[in-house]
Amino acid sequence: MTPVISTPAQKRAASGALFVLLLLFTASGCAALIYEVVWYQLLQLAIGSTSVSLGILLATFMGGLCIGSLWLPRWRSADHPLKLYAKLELGLAACAVAVQFAIPLLSRVYMSGAEHGLPNMLLRGILAAICMLPPTILMGASLPAIVRWVRASDDGVKWWGYLYAGNTAGAVAGSLLAGFYLLRVFNMTTATLAGAAINLVVGAVSWVLASRLPEHASEPEPVEAEPARPNVWPVYLAIALSGATALGAEVVWTRLLSMLLLGTVYVFSIILAVFLFGLAIGSAMGSRILKLVRPQSALGWSQILLTLGIAWTARSIIHDLPFWKDDLLATPDAWHMYWLDMQRVLWAILPATLAWGASFPFACAAVARPNDDSGRTAGGIYAANTLGGIAGALVVSLILIPWIGSQQSERVLLIAAAASGLIVILPMVRESLYGIAGVAAAIALPLILTRGIEPIPGELIAYGRYMATNQGHSTILYTAEGRNSSVAISQWENGTIYVNVNGHVEATTEIYDMRLQRMVGHLPALLNANAKSVLGIGFGAGVSAGTFTRYPNIEKITVCEIEPVIPPASTKYFGKEDYQVALNPKTHIVFDDARHYLMTTSAKYDIIASDPLDVFVKGTAALYSREYFDAVKRHLNPGGIFTLYVPLYETDEPTIKSELATFFDAFPNGTVWANLRDGEGYDMVFMGQAEPLRVNLDEIQRRVLREDFAPVRDSLREIGVSSLFDLFGSYAGGARDLAPWIAGAPLNTDGDLKLSYLAGWGINSNLADNLYRQMLRYRHPPQDVFTGSPELVHALMSAF
């Protein structure tokens, strides 16, 4: 029989139990964020990293939370609330482990039946729903389950806010723990098991508490007469709009901050952690002052003050963060570098997140009535907020940013925040001067503040963290904010044209960059005389893909590009350098995540060439994984060749060793070719094929001298390659040569994507030539690689 509160000792025990529950719910939030990070990473490997795919993942994850928060209050259970909560936590642990092992299996089923267009989107949604809905429904049900133990009194509603704050604070810890430790040091399976262990402990402790505590934390409050219930729909609408503006702003600001700070996995963890930290502090502060304010009025004013927070962040990102004075660009200590990044993010987004966080306890208190079902009340507010968040994130990422850009999107969000405040304050305008002042502020502030939200500077899109250093040295010729990426074309004082994507240089007309981009194309095209079909991974400036248009034997060039605004921009400003490849009748451009396309297409190619990609950018390591390289091999025709760009700049030794070890594990006959800048190591081309590489110099020389190869000779001459020795002299070693140097290096697999964490740790390194010289020490004369007349072979060996 469940005990009831009848003695002072039991009341003290119930009060102390609230603090224990706060700790348990905090731990639960930590586990939830670990799962979210892991599941997003796993599912992106299957359904891709486009905005549509990410939107599907977000809608599914948050949709499960919404369903759970609505479903549980409607399920009448005879269990003690804390026993029910324990069952949810134990069930979540089981689901999480099951999902960890089910996603790879379901991914293979998805890839075998994936199509393009609407059927493919539906299939992606089904996969995400099967994997994520069961555990996220349990997550969403946990808040209404645990608050059922706390009645809807003034003190009880305050504790709802504290529990929400604690859960969000736990999510902060989970985000940082997953990003900076579990996934950096271990792998996704270990991270999942750590989350499941947390859930098991939380469930076990809750089960024990349920047997020792009364049915509720307090007795029902005596009510003389049922008070008339006010219209609560303005509160629900306002909290839904609050969720929409919060998630919409998070989309915009994450995009802008990742340009400024470089979009590593660590930067994304920091942004998410700071956002959640603000929500947690705001919720705790709001709960603390509930007895001092009228909740509905406080909710309205929190939304009105939010307009100031949005304006603050918009201004800080443009005027403060790019010019922050510290040693961010120089420090070799990754911990120190990311601590400086966290300071920037805190400065920029904390004010707004405090207002969003305070909104939750204010909304709960505004609709709660004595002796109501507390789970139903809190669950309804949480569901409305979550549903609004889904809408806000999808509308901003898929519609507003590509349509009107970040500046106008921020203005829309600011106006929506003011409208949210107006909705709840307007019914109170006759009751007090606060209502009149609130209406006036909700109307006046957007008119004033939206004018101060400035366009995103082209130099921010172009140079990101180097904006202050590069400002004034170039002219921005073009900018565009696409659905997946932001692009800027710039021209420097010496006439050099740059293609910049998301705050980082992707390609330039500098001779050393042109040489690298064309090497990616010329090496496989010269060595595979029978090549007819090419797949290009990434369009970039189009130079690598354009190289293949010079070869008369190549009949079809397929280019997979994630961002639709890039090819037309590059064609306009790099048309001479890329030979107008996007307009060539041989070329077909597929707009999709490259990994997703390769994993789901049945086509095979004679050459697969990967254009310059920044391996430190979140998600890019999936294009350097062992499983991805295996997929590349499956899509190569017999005799096919794969080339891959790999930078030595902004790279440290563990990163390049992992890249080499993974590549050579997939391509045991692989080779490495160097591109120098002013005689020093700069970047490289990895080249792989099934058979040992054999280069017949006489045969290639005869072919290059043919009349129909004149465009090939011209293309090579433009990058300073006047003979075969200039090109093949860039040979820097093979798998057997470099095996001693890379021994013990971790492989980058789909199960851990270790390269994301290694590369993000070494981006401040300045070791390009040092790494190149280390590799050369292991290179042996490639006499088994190059064949032909003794004169040509001897001349090439002398070039080494």
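Every value quoted in this text rests on a predicted model; they were computed, and no experiment measured them. (Residues numbered from 1 in each chain as written. Predicted model: local features only at pLDDT ≥ 70, side-chain atom pairs only at ≥ 80, totals over all residues. Heavy atoms only, no water.)

Caption draft 1: Expanded view of the sheet that holds strand 3 (residues 497–501). Across the sheet, four strands lie side by side as 1-2-3-4; this open sheet has antiparallel pairing. Because the sheet does not close on itself, it has two edges, and the strands there are strand 1 (474–481) and strand 4 (504–508). Here the average twist between neighbouring strands, direction ignored, is 25°. The sheet contact formed by strand 1 and strand 2 (residues 486–492) spans seven bridges and is antiparallel. Bridge pairing links Thr 475 to Gln 491 in strand 2. This element, helix 17 (residues 566–578), spans strand 1, strand 2, strand 3 and strand 4 of the sheet and lies at about 170° to strand 3. (Pairing = 2+ DSSP bridges. Helix = DSSP H or I, 4+ residues; strand = E, 2+ residues; numbered from the N terminus. Axes fitted to C-alpha atoms, helices over the stretch in contact; angles between N-to-C directions. Contact = heavy atoms within 4.5 Å.)

Caption draft 2: Up close: unusual backbone geometry. Although it is not a glycine, Tyr 579 adopts a positive phi angle of roughly 60°. Considering the arrangement of structural elements, one finds Tyr 579 in the loop between helix 17 and strand 7 (587–591). Look at Tyr 579 and you get buried, because its relative accessible area is 15%. Despite not being glycine, Asp 678 has its phi angle at roughly 55°, a positive value. Note on placement: Asp 678 falls in the loop between strand 10 (671–677) and strand 11 (680–688). (Buried < 20%, exposed > 50% of the residue type's maximum accessible area, 1.4 Å probe, protein only.)

Caption draft 3: Just the nonpolar core, in detail. Counting residues in hydrophobic clusters, the biggest one holds 262 residues, and the most contacted among them are Trp 253 and Phe 728. Sort the elements by how many residues they give to this core and helix 10 (residues 334–367) lands first, with 19 residues. Trp 253 has contacts with Phe 275, Ile 310, Thr 313, Ile 317, Ile 349, Ala 352, Trp 356 and Glu 410, leaving out every residue within four places of it along the chain. (Core = buried A, V, L, I, M, F, W, Y, C linked by side-chain atoms within 4.5 Å.)

Caption draft 4: Local environment of the environment of Met 687. Here Met 687 lies in strand 11. By relative accessible area, Met 687 is classed as buried at 0%. Along the sequence, Met 687 and Leu 414 sit 273 residues apart, while their C-alpha atoms lie 50 Å from each other. Other than its neighbours up to four places away in sequence, Met 687 contacts Leu 523, Pro 524, Leu 527, Ile 641, Phe 642, Thr 643, Phe 663, Gly 670, Thr 671, Trp 673 and Leu 693.

Caption draft 5: Local environment of the confidence of the model for the protein chain. In the predicted model, the protein chain carries a mean pLDDT of 92, and the fraction of residues at 70 or more is 95%. The low-confidence segment residues 1–6 (pLDDT under 50) makes 17 contacts with residues lying over four places distant or belonging to another chain. (pLDDT = per-residue confidence, 0-100.)

Caption draft 6: Local environment of the sheet that holds strand 8 (residues 605–610). Taken together, eight strands build an open sheet; the order of strands is 7-6-5-8-9-11-10-13 and the sheet is mixed. A strand with exactly one partner marks an edge of an open sheet, and here the two such strands are strand 7 and strand 13 (731–734). For this sheet, the mean inter-axis angle between neighbouring strands, taken without regard to orientation, is 20°. Pairing between strand 5 (residues 533–537) and strand 8: four bridges, direction parallel. Among the inter-strand pairings, Ile 537 is bridged to a residue of strand 8, identified as Ser 610. The strands touched by helix 24 (residues 735–742) within the sheet are strand 10 and strand 13, with strand 13 carrying the most contacts at an inclination of about 75°.

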